[in-house]
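Structural overview
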Amino acid sequence: MNTLASCNEKFCMILMLLNSVSYSTKAKTIFIANEKSELDWWQTAVFYEIYPRSFKDSDKNAVGDIKGIEEKAEYLKEIGVDCVWLSPIFKSPMADFGFDISDFYQVDSIYGTNEDLISLQKKLKSLGIRIILDFVPNHTSDEHEWFKKSVQKIDPYTDYYVWRDAKIDQNGWNLPPNNWQSLFSKSAWTWNEKRKQYYLHQFSPKEPDLNYRNKELVEEIKNNLRFWLNHGIDGYRVDAVSYLFEDSRFLDEPRKPEEIASKEKNTYKQYYHIYTMDLSETYDMINQFRDVIEEYNQKDGTTRVLIIGAYTSNNITTTHYSNDTDPGTHLPFNFGLIDKLNDESNAANFSNAVYSWLDNIQLGIWPIWVIGNHDYRRVANRFGSEMVDAMNMLNLLLPGTAFTYMGEEIGMEDARVRWDQTVDPMGLNAGADGYLKASRDPERSPFQWNADISAGFTAGPRTWLPVNPNYWRLNLAAQQQQPRSHYAVYRRLTELRRTRTLQRGAFEGHVLSEWVYAFSRTFQGTETYLVVINLGSGYETVDLSDLQVIKEQHVLVHTSSVNSEYSVGDTINKNGFKMRTKSALVLTTDKKVSTSSAASSVSSMKITLAALACAWVSHCGRQSA
């Protein structure tokens, strides 16, 4: 039996044991940081993702731009943002709306100029806000000069991309080198007539994969990282790192059982991706990217951050973290609150989703939370509009770093995009019958600033994607005038994150009933905070008398969801109070609650098994390929 197979067998046994041990309703305490420990800026930050096409249009061309973002910089300060993350803004034919980059060194003219980006960086810096960029290393556009020269076999670009000869069938026809599939569906190989070879593209045919086994290419990529760091950028979110390397033997990937595969319209989902995803070489490349970041961090002691996006399992994700031997990444995205939870999840599901990530703290891993981004349906659609405040409380008050996708702070909902309005390649590839499920257009609709034409996103009636028709009632301007609004709740939560309790305090999760989930944040000598969420479909009577973290008979409401019957400053008796369905509260022992809108113990067996499972995954992941 080979090493990988042996690891997999043992890991499966561990998983079976893990699944047989349920989390107790008694709280397991997770300690975050003590008073003397130094926390870097990224560990306590709120990162705010902006999809530039949809944030604010300044030049009336129906597409958002960099000047539009700068126009709204004060708003970002107002809601408590610490760092802005921009989705791709570089020169591109826009076949995949910026993820198909034709020049890593130039801002695309539709968004502005390099000077505009530098101006935005300086404006944000003046407000105490940092900025990171999307870095897309897996591929370029087929209109990039590198690809054009690679087609012509002009050195050193000849092997900058993944090229393979065709297979020839019995009739003399060219066939793709193997059965690898694109994430956008259909073969991951496209024939180039001029070079007489196939090139690999794990995404669109317009996005040929780069060859990271080519040392000259790796140096080119590193130099691009340095270019924008030299212009004051505070770091990068690295996209699609799971796909950087492919197995050099180019073996066919195994197809899923027919009863599963036949139900998938996207051919990518019909296969197991053991040769094109999460190969061991990926870890070394992330280390090399981090080395470039550290060149700058060591110059002035100011941290530039490296964050990676990998749509993969928690166990593989955690191996990307820095450790004693590898520099790794500061933060790999944790998609657990997206992948593991939905509008049918109960309190135990929420507790398991949270602890499954926080258990990694014992391995030296800093927590990170995200409830939405440009690739997922919005929170209001996945959980229901009544759960917007509850999910923001979860995202922002759990220990660690928080990411907000633009619009979540006002509870924006997905727009209804018809087939004839669809522009996302994933939606287009799925066809008229399947686009509603596959398209990412709905969550990328323009930001709803006010009730004016086009929701204040642009001056004219035309927008690159349709504005949600509910903008006349659901918009920022309206919520800024309302004493109770998602906007007001969000501001209170980001302000609360500045306290010692929320930045350093211990965490305990509490399953109070089948449908009531709670978690507490405590820090010695300071006030305690308790978040309580009714996930159910009816009124719930909540009893906090068994919670050791609440010593007082009465606590105050620090923040309440807009659908709650309670208001800021109300007194709650911990022995029993009622909560409306889908409502949420932040309770506190602090007797000086500001009303300003701006203002389960797990058994030792489970802990041991979880640590052992993580160790096996790390060991296997680095020996697999």
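Residues numbered from 1 in each chain as written. Predicted model: local features only at pLDDT ≥ 70, side-chain atom pairs only at ≥ 80, totals over all residues. Heavy atoms only, no water.

By the naming in an unreviewed UniProt entry, the protein chain is alpha-glucosidase, taken from Sipha flava. Taken directly from UniProt, the Sequence similarities (unreviewed entry) text for the protein chain runs: "Belongs to the glycosyl hydrolase 13 family." What the UniProt record of the protein chain gives under Catalytic activity (unreviewed entry) is the line "Hydrolysis of terminal, non-reducing (1->4)-linked alpha-D-glucose residues with release of alpha-D-glucose." (UniProt positions renumbered as here; feature names shortened; annotations may be inferred.)

Here we come to the confidence of the model for the protein chain. Mean pLDDT for the protein chain: 89, with 88% of residues reaching 70 or above. Across residues 1–25, where pLDDT falls below 50, the model places 38 contacts with residues more than four positions away in sequence or in other chains. This stretch, residues 598–625, has a pLDDT under 50; its non-local contacts, to residues over four places away or in other chains, come to 64 contacts. (pLDDT = per-residue confidence, 0-100. Contact = heavy atoms within 4.5 Å.)

Of the pockets and cavities examined, the largest cavity occupies roughly 60 Å³. If you trace the largest cavity, you find it lined by Q43, T44, W366, L396, L398, G400, R497, L502, Q503 and R521. Among the residues forming the lining of the largest cavity, the class breakdown is 4 nonpolar, 4 polar and 2 charged. (1 Å grid on protein atoms, 1.4 Å probe; cavity = no way out; pocket = protein on both sides within 12 Å on 5 of 7 lines; lining within 4 Å. Points joined across faces, edges and corners; volume = space filled by probe spheres on them. Nonpolar A, V, L, I, M, F, W, Y, C, P; charged D, E, K, R; others polar.)

A word on the pairing of strand 3 (residues 83–86). Looking along a regular strand, one sees side chains alternate from face to face of the sheet. Residue alternation in strand 3 divides its side chains into two sets, C83 and W85 and V84 and L86, and both sets are buried. As paired elements, strand 2 (residues 46–50) and strand 3 share 4 bridges and run parallel to each other. Considered in strand 3, the bridge of F47 is made with C83. Relative to strand 6 (residues 130–135), strand 3 runs parallel, the two being bridged by 4 bridges. Residue pairing for strand 6: L86 is matched across the bridge by L133. (Buried < 20%, exposed > 50% of the residue type's maximum accessible area, 1.4 Å probe, protein only. Helix = DSSP H or I, 4+ residues; strand = E, 2+ residues; numbered from the N terminus. Pairing = 2+ DSSP bridges.)

We now examine the packing of aromatic side chains. Taken as a whole and assessed by the stated rule, the structure comprises 40 aromatic pairs. A ring pair is formed by F90 and W228, whose centres lie 5.4 Å apart and whose planes are at 35°; its orientation type is tilted. Residue F90 is located in strand 4 (residues 90–91), and its partner W228 is located in helix 6 (residues 215–229); the two are separated by 138 residues in the primary sequence. Judged on exposure class, the residue F90 and its partner W228 are both buried. Relative to W449, the ring of F447 lies with its centre 4.2 Å away and its plane at 40°, an arrangement referred to as tilted. Residue class for F447 comes out buried when judged on its relative accessible area of 0%. Given a relative accessible area of 4%, W449 falls into the buried group. Through a chain of ring-to-ring contacts, three or more aromatic side chains come together here, namely W41, F47, W85, F333, F335, Y376 and F403. Lying over the aromatic face of W449, K72 brings its terminal NZ or CZ to 4.4 Å of the ring centre. The ring of Y272 carries the charged tip of K256 above its face, separated from the ring centre by 5.8 Å. (Phe/Tyr/Trp six-rings, centres within 6.5 Å; stacked < 30°, edge-to-face > 60°. Lys NZ or Arg CZ within 6 Å of the ring centre and 35° of its normal.)

A few words on the pattern of salt bridges. Here the structure, examined in full by the defined rule, presents 27 salt bridges. Close ionic contact of D159 with R195 constitutes a salt bridge, the shortest N to O distance being 4.0 Å. Residue D159 is found in the loop between helix 5 (145–151) and strand 7 (163–164), and its partner R195 is found in the loop between strand 10 (189–192) and strand 11 (197–200); the two are separated by 36 residues along the sequence. On the basis of relative accessible area, D159 is assigned to the partly exposed category, the value being 41%. (Salt bridge = Lys/Arg side-chain N within 4 Å of Asp/Glu carboxyl O.)

Our next topic: a nonpolar patch on the surface. There is a patch of nonpolar side chains on the surface, built from I260, Y272 and I274 and spanning about 270 Å² of accessible area. Positionally, Y272 belongs in the loop between helix 7 (258–261) and helix 8 (281–300). (Patch = residues over 30% accessible without salt bridge, like charges linked within 9 Å, V, L, I, M, F, W, Y side chains within 5 Å. Areas by Shrake-Rupley, 256 points an atom, 1.4 Å probe, with all protein chains shown as cover.)

Compared with the 20 Å implied by 1.5 Å per residue over 14 residues, the 9 Å span of helix 14 (residues 425–438) between its first and last C-alpha is markedly short. Taking the largest bend as the criterion, helix 14 deviates by roughly 140°, centred on G431. Where helix 14 is concerned, the buried positions are P425, G427, G431, G434 and Y435. (Expected span 1.5 Å × (residues − 1). Bend = angle between axes of the 7 residues up to and from the residue.)

Turning our attention to the sheet that holds strand 10. Sheets are built from strands paired through backbone hydrogen bonds, the pairs being either parallel or antiparallel. Spatially, the 3 strands line up as an open sheet ordered 7-11-10, and their pairing is antiparallel. A strand with exactly one partner marks an edge of an open sheet, and here the two such strands are strand 7 and strand 10. Of the pairings in the sheet, the one linking strand 10 to strand 11 comprises 4 bridges and is antiparallel in character. If you follow T190 over to strand 11, its bridge partner there is Y199.

On to the side chain of D359, then. Positionally, D359 belongs in the loop between helix 11 (347–358) and strand 15 (368–370). In terms of polar contacts, D359 uses its side chain to reach the side chain of K28, at 2.3 Å. (Polar contact = N/O pair within 3.5 Å; in protein donor to acceptor, adjacent residues only side chain to side chain.)

In this structure, the amide linkage connecting D155 to the following residue, P156, adopts the cis form with an omega of 5°. Among the structural elements, P156 can be located in the loop between helix 5 and strand 7. Phi is positive for K186, close to 75°, though the residue is something other than glycine. Within the fold, K186 resides in the loop between strand 9 (174–175) and strand 10. Take K186: its relative accessible area is 57%, and that puts it in the exposed class. The residue F250 is not glycine, and still its phi comes out positive at about 55°.

The next subject is the sheet that holds strand 6. Read across the open sheet, the 8 strands follow the order 14-13-12-6-3-2-16-15; overall the sheet is parallel. Edge positions in the open sheet fall to strand 14 (331–332) and strand 15, since each of these has one partner strand only. Examined bridge by bridge, strand 6 and strand 12 (residues 235–238) share 3 bridges and lie parallel to one another. If you follow L133 over to strand 12, its bridge partner there is Y236.

Let's shift gears to the side chain of T588. Tracing the chain through its elements places T588 in strand 24 (residues 584–588). Polar contacts involving the side chain of T588 include one to the main-chain carbonyl oxygen of T528, which spans 3.2 Å. At a separation of 3.0 Å, a polar atom in the side chain of T588 contacts the main-chain amide nitrogen of D590. When residues no more than four places from it in sequence are discounted, the contact partners of T588 are E527, T528, Y529, V555, L556, H558 and V593.

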